Amino acid sequence: MHPVMPYPRPDPFTINGSYLIDSAASSSEAIVYLAHNGNSDANWLAICQQFTDFCQRISGAVVAFFIAVALLLFLLVLSALALWKH
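Anyway, here's the lowdown on the structure attached to this text. (Residues numbered from 1 in each chain as written. Predicted model: local features only at pLDDT ≥ 70, side-chain atom pairs only at ≥ 80, totals over all residues. Heavy atoms only, no water.)

Things to note about the overall build of the protein
For the record, the criterion: Helical segments are the DSSP runs of H or I of at least four residues, strand segments are the runs of E of at least two, and each set is numbered from the N terminus. In this scheme, a residue with accessible area under 20% of its type's maximum is buried, one over 50% is exposed, and one in between is partly exposed, where area comes from a 1.4 Å probe on protein chains only. By definition in these notes, contact holds between two residues if any of their heavy atoms fall within 4.5 Å. A 1.4 Å probe and the Shrake-Rupley method give the accessible areas. Residues count as covered only by the protein chains that appear here.
In terms of helices and strands, the protein carries 2 helices and 0 strands. Within the protein, buried positions represent 19% of all 86 residues. Across the protein, every contact between residues at least 6 apart in sequence was considered, and the portion connecting residues at least 24 apart equals 63%. Roughly 7,000 Å² of accessible area belongs to the protein as shown, and the carbon and sulfur atoms make up 69% of that amount.

Shown next as structure tokens:
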């Protein structure tokens, strides 16, 4: 009879890193949304008509954030599979 192996746990740094990157991506996405659309209830104007270069750069940063989230989640799954096989 084989001893029961405990369920392997992924690296906590990877999990916490994915949480931090995901929260940073979500908050920057909210800023991009406000920059493009504004908020009439808060009396905030859309600023992308005046600062087009800023809006292009921050939109690129949001895309880069979500690519980083996808890569980190892929590494998390890969790490969990590697631990589970051993």
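Now that the structure has been shown, we can carry on.
Some thoughts on the side chain of Ser28
Following the sequence through the fold, Ser28 ends up in helix 1 (residues 12-37). The class of Ser28 is buried, set by a relative accessible area of 11%.

With respect to the state of the cysteines
Here is the rule: Cysteine sulfur atoms that pair up within 2.5 Å are treated as a disulfide.
Scanning the entire structure with this criterion turns up 1 disulfide. Paired through a disulfide, Cys48 and Cys55 show a sulfur-sulfur distance of 1.9 Å. The disulfide joining Cys48 to Cys55 has a torsion of about -95 degrees about its S-S bond and is therefore left-handed. We classify Cys48 as buried; its relative accessible area is 11%. The class for Cys55 is buried, based on a relative accessible area of 5%.

Some points on the environment of Ala24
One can find Ala24 in helix 1. A relative accessible area of 25% places Ala24 in the partly exposed class.

Details of unusual backbone geometry
Even without glycine at this site, Asn43 takes up a positive phi of about 65 degrees. Tracing the chain through its elements places Asn43 in the loop between helix 1 and helix 2 (52-85). According to the relative accessible area criterion, Asn43 is exposed, its value standing at 65%.

Function cannot be read off these values alone, since they describe shape.
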